[in-house]
Amino acid sequence: MTSIKPISLYDTPSIDEVRAAARFDPQVIRSLHSKLLRRFDPDDVALVGFPLGDQLRLHALEFYRRYDSAVDGATKLLLRTSAGMLIESVILRVESGRSTLCVSSQIGCAAACEFCASGKMGIARDLSADEIVDQVLQAGQLLVTEGRQLRNIVFMGMGEPFHNEENLFAALELLIAPEFFNHSPGKVLVSTVGVTDGMLRCAARFPAVNLALSLHSVRQRVRERLIPLAKKYPLDDLHRTIAEVNQLQATTTVMIEYLMLAGVNDGRADATDLIEWLDGLSVHVNLIPYNPITDAPHFVGSDRPTCRAFAQQLRTAGLKTTVRYSLGNDIAAGCGQLVRQENRMIARQTLVDDG
Ligand code: SF4
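Residues numbered from 1 in each chain as written. Predicted model: local features only at pLDDT ≥ 70, side-chain atom pairs only at ≥ 80, totals over all residues. Heavy atoms only, no water.

1. With respect to the overall build of the chain
Here comes step 1: Summing up its helical and strand segments, the chain has 11 helices and 14 strands in all.
Here comes step 2: For the chain, buried positions account for 50% of its 355 residues.
Here comes step 3: Put simply, 67% of the contacts in the chain that link residues at least 6 apart link residues at least 24 apart.
Here comes step 4: Of the roughly 16200 Å² that the chain leaves accessible, carbon and sulfur atoms contribute 52%. (Helix = DSSP H or I, 4+ residues; strand = E, 2+ residues; numbered from the N terminus. Buried < 20%, exposed > 50% of the residue type's maximum accessible area, 1.4 Å probe, protein only. Contact = heavy atoms within 4.5 Å. Areas by Shrake-Rupley, 256 points an atom, 1.4 Å probe, with all protein chains shown as cover.)

Right, dumping it as C-alpha cells:
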C-alpha cells in the first residue's frame with residue numbers, strides 16, 4: 001500500500017484540489033487558517049470541523065525540547081527537521097508583555113562570523129518557507145497558552161537570511177498575507193551582515209518590513225576580522241545601500257546592530273567614526289553587549305559603563321540609540337549556541353552508546 005504524502009497547510013492549490021474533490025466549503029479552509037495562524041489555537045481545536053484533517057501537514061518541524069531562562073523570561077525552542085537536524089528559535093518576553101520571536105532561516109550558517117556559534121557550524125542547509133513559518137506557529141501556540149501575544153518576528157536566529165532569499169521571501173509573504181498569518185510587516189525585521197543586493201530586493205518587495213544591518217565597526221579591517229563577508233560587501237557599498245533602502249522605505253529606518261566588544265570597537269574614536277559614517281542616513285542604532293560563546297573566548301563584551309558612554313556619545317550627536325541587553329544568557333540564547341551544545345551532547349551520547 002502506498003502512503004499518501006500529507007499536504008502542507010500552506011499549499012493552497014493542493015488543498016483546493018482536495019477540497020473540490022471532497023466537495024466541502026472553501027470557508028472551512030479559511031476558518032482553519034484563522035484558528036491556527038491568527039488565533040494560534042492548539043492543532044486539535046483548530047481541526048474541529050475540518051474534513052480530511054489527516055491529509056494535512058500542520059507542522060514542518062517537530063518540537064524537540066525547550067529551555068526556559070531562570071532570570072529573564074526567555075525561552076529557547078529546539079525544533080527538529082524530518083531528517084533529525086535541530087534548529088532553534090528564541091522567545092523573548094519583555095516587561096511590556098509584547099513578545100518577540102527570533103527565528104532561524106538556515107541550519108548553521110556559511111557567513112562564519114568570528115563571534116557567532118552558528119558561524120562556527122558551517123552550513124548544513126537552507127530552511128524551507130514552511131520550516132521558517134512553523135517556528136512562528138509553534139511559538140504563537142505556546143504564547144497563547146500564557147495569555148501572551150506574539151508581536152515582533154525578527155530574523156536574527158541561525159543563518160544569513162539573504163543566503164536563503166527565495167525561501168525568506170516566500171516566508172515573508174505567508175507572514176503578512178491576510179489569508180495566512182496577517183502579521184503586520186512593520187513588526188517583522190530581517191537582520192543581515194550586509195548582503196547588499198538582497199537588502200535592496202527586500203526593501204523593494206517589502207517596503208514596510210524592517211531591515212537591520214549587523215555593522216559592528218566602520219573600520220574595514222576590523223569589520224573583516226569580525227565578518228569575513230565584509231570583504232565581499234565593503235563599507236562604501238553598504239553606505240550606498242542604506243541610502244537606497246531609505247529611499248525605498250519611506251516609513252521605516254534601518255536598524256544598525258553594533259556588538260560591543262571590549263577593546264575591539266568600543267572606544268571614543270570608534271563612536272566618533274560611527275557618527276561620521278552614519279551621517280545623512282535614516283537609522284536607529286542598537287548597541288548589543290556581547291554574549292560570549294565558548295568557541296570565541298578571545299572576545300569579551302564591553303562593560304556597562306563603556307556601553308553607556310558609547311550610547312551617550314551617539315545620542316549627543318543626534319543619533320537614535322538604544323542599548324539592548326542580551327536576554328537568555330543562562331540558556332545560551334546567542335544564535336546557534338544551544339544547537340551546538342545539543343549536537344555535542346548527542347554526538348557524545350552516540351559515542352557512549354557505540355562504545
Ligand atoms: S552572525 Fe548571523 S550571519 Fe554571522 S555567522 Fe552568525 S548566523 Fe551567520
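2. Considerations on the side chain of T196
Here comes step 1: For T196, the position within the fold is in helix α6 (residues 196–205).
Here comes step 2: The class of T196 is buried, set by a relative accessible area of 11%.

3. Comments concerning the confidence of the model for the chain
Here comes step 1: Per-residue pLDDT for the chain averages 89, and the proportion of residues at 70 or more is 89%.
Here comes step 2: Low pLDDT, under 50, characterises residues 350–355; the predicted model gives this stretch zero contacts beyond four residues in sequence or across chains. (pLDDT = per-residue confidence, 0-100.)

4. Brief notes about the nonpolar core
Here comes step 1: One finds F155 and F181 to be the most contacted residues of the largest nonpolar core, which totals 99 residues.
Here comes step 2: Residues from two domains meet in this core; each of domain 1 (9–56) and domain 2 (60–351) gives at least three.
Here comes step 3: Apart from the residues lying within four places of it in its own chain, the contact partners of F181 are Y10, L37, R38, F40, V133, V136, L137, L174 and L175. (Core = buried A, V, L, I, M, F, W, Y, C linked by side-chain atoms within 4.5 Å. Domains from an automatic or database assignment.)

5. Thoughts on empty space enclosed by the protein
Here comes step 1: A full pass over the atoms with the stated rule returns one cavity of 30 Å³ or more.
Here comes step 2: Each pocket or cavity is described by its volume, and for the largest cavity that value is around 40 Å³.
Here comes step 3: In terms of lining, the largest cavity is formed by I7, I15, V18, F24, F50, L52, Q55 and L56.
Here comes step 4: Here the lining of the largest cavity is composed, by residue class, of seven nonpolar, one polar and no charged. (1 Å grid on protein atoms, 1.4 Å probe; cavity = no way out; pocket = protein on both sides within 12 Å on 5 of 7 lines; lining within 4 Å. Points joined across faces, edges and corners; volume = space filled by probe spheres on them. Nonpolar A, V, L, I, M, F, W, Y, C, P; charged D, E, K, R; others polar.)

6. Observations regarding the packing of helix α5 (residues 165–176) against α6
To characterise two packed helices, one gives the angle between the axes of the helices and the distance between these axes.
Here comes step 1: Between α5 and α6, the least distance of the axes is 12 Å, while the angle of their chain directions is 20°. On the basis of the axis angle, α5 is roughly parallel to α6. Considering only the axes of α5 and α6, their crossing is right-handed. Each of E165, F169, L172 and E173 in α5 lies in contact with α6, whose residues at this interface are G198, R201, C202 and R205.
Here comes step 2: Counted by class, the contact of α5 with α6 contains three nonpolar, one polar and four charged residues. (Axes fitted to C-alpha atoms, helices over the stretch in contact; angles between N-to-C directions. Parallel < 35°, antiparallel > 145°, perpendicular 65-115°, else oblique. Left-handed = near helix turned anticlockwise from the far one by under 90°.)

7. Here we look at the packing of aromatic side chains
Here comes step 1: Scanning the entire structure with this criterion turns up seven aromatic pairs.
Here comes step 2: Relative to F50, the ring of F24 has its centre 5.6 Å away and its plane inclined at 75°; by these criteria the two rings are edge-to-face. Taken together, the residues span a long stretch of sequence, with F24 in the loop between α1 (12–22) and α2 (26–38) and F50 in the loop between α3 (43–46) and β2 (56–57) at a distance of 26 residues.
Here comes step 3: Ring centres of F40 and F181 lie 6.5 Å apart, and the angle between their planes is 45°; this geometry places the pair in the tilted category. Here the residue F40 occupies a position in the loop between α2 and α3, and F181 occupies one in the loop between α5 and β10 (188–192), the gap between them amounting to 141 residues. (Phe/Tyr/Trp six-rings, centres within 6.5 Å; stacked < 30°, edge-to-face > 60°.)

8. Here's the deal with the site of the ligand
Here comes step 1: The ligand sits among 13 residues. The nearest are C109, C113, C116, G119 and G159.
Here comes step 2: Taken together, the residues of the shell around the ligand break down into eight nonpolar, four polar and one charged. (Near = heavy atom within 4 Å.)

9. A short note on helix α8 (residues 235–248)
Here comes step 1: With 14 residues, α8 should cover 20 Å at 1.5 Å per step; its first-to-last C-alpha distance of 20 Å lies within 8% of that length.
Here comes step 2: Three or more residues of α8 are buried, namely L235, L238, T241, I242, V245 and N246. Relative to the axis of α8, the buried residues are bounded by an arc of 140° and lie together on one face. Residues D236 and Q247 are exposed on α8 and point more than 90 degrees away from its buried face.
Here comes step 3: Of the surrounding secondary structure, the elements contacted by the buried residues of α8 are α6, β11 (210–214), α7 (220–226), β12 (254–260), α9 (268–278) and β13 (283–289). (Expected span 1.5 Å × (residues − 1). Arc of directions from axis to C-beta.)

10. Quick word on α2
Here comes step 1: The terminal C-alpha atoms of α2, which comprises 13 residues, lie 18 Å apart, in line with the 18 Å expected from a rise of 1.5 Å per residue.
Here comes step 2: Packing partners of the buried residues in α2 comprise α1, α3, β2 and α4 (129–144).
Here comes step 3: With a side-chain oxygen lying 2.9 Å from the backbone nitrogen of Q27, the N-terminal cap of α2 falls on D25.
Here comes step 4: One or two residues past the end of α2 sits F40, with phi positive at roughly 55°. (Polar contact = N/O pair within 3.5 Å; in protein donor to acceptor, adjacent residues only side chain to side chain.)

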